[in-house]
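Notes for the structure review
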Amino acid sequence: MKLYRPYSVVPASQLEGEFEEKTVRVDWICHEREEAVLPYYQLIKSYSDIEYSIREKNWIEERVDNLLTGSEAETLRNYLAKSGKFGLSTFPFELEEFTVPIESGELPLFKEKYLNEAGLRGCIFLYTRDKDYDLSIPVIGVISPFRELRDIHTVSDMLREIDKQNH
């Protein structure tokens, strides 16, 4: 089985609010999944051997719950294409793939630090009450700064951007 972290890279001008960067990355995550797609011991490698506090274990479970199944990701792609929200249908929709079981250290992070600093401007809420919303899960887009390679002109710019993306 595979799980996915879908994302879109879009011009910041398409979104509400002011962004320092010309381009932002929108990570599409399942927000507060009610039930795991499989038991956690099947989703997370060596799950029963993890010796973390309950808080840390919950954090790991939340990260795997943020990922989408293949059919959820495809349904999201179709929804964004037909809804026309923020003009997202005109920008690439990419999938980062994770093979189950996933090593806990390889679970993706979205830019929580940026989300906390940006507040509501750091998210795109897809409204489950929309008549066209046909996903079985609540999905939000977490916005984080992103600089396209064509905007990078020097090696030091590249190194700064790599550091920024890694933090």
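1. A word on the overall build of the protein chain
When helices and strands are tallied, the protein chain shows 5 helices and 5 strands. Helices and strands in the protein chain line up, N terminus first, as β-β-α-α-α-β-α-β-β-α. The long-range share in the protein chain, meaning contacts at least 24 apart out of those at least 6 apart in sequence, stands at 69%. Of the accessible surface of the protein chain, which amounts to about 10100 Å², a share of 49% is contributed by carbon and sulfur atoms.

2. Observations concerning the side chain of D65
Among the secondary structure elements, D65 is positioned in helix 2 (residues 54–66). One buried charged residue, D65, remains without a salt bridge, the closest side chain of opposite sign being R33 at 4.6 Å. Contact partners of D65, with chain neighbours within four places excluded, come to C30, R33, A36 and Y40.

3. Comments concerning the environment of P138
Within the secondary structure, P138 sits in the loop between strand 4 (123–125) and strand 5 (139–146). For P138, a relative accessible area of 32% translates into the label partly exposed. Once the C-alpha coordinates of P138 and R33 are considered, the two residues, 105 residues apart in sequence, prove to be 7.4 Å apart.

Cut-off values and rules
- Residues numbered from 1 in each chain as written.
- Predicted model: local features only at pLDDT ≥ 70, side-chain atom pairs only at ≥ 80, totals over all residues.
- Heavy atoms only, no water.
- Helix = DSSP H or I, 4+ residues; strand = E, 2+ residues; numbered from the N terminus.
- Contact = heavy atoms within 4.5 Å.
- Areas by Shrake-Rupley, 256 points an atom, 1.4 Å probe, with all protein chains shown as cover.
- Buried < 20%, exposed > 50% of the residue type's maximum accessible area, 1.4 Å probe, protein only.
- Lys, Arg positive; Asp, Glu negative; His and termini not counted.
- Salt bridge = Lys/Arg side-chain N within 4 Å of Asp/Glu carboxyl O.

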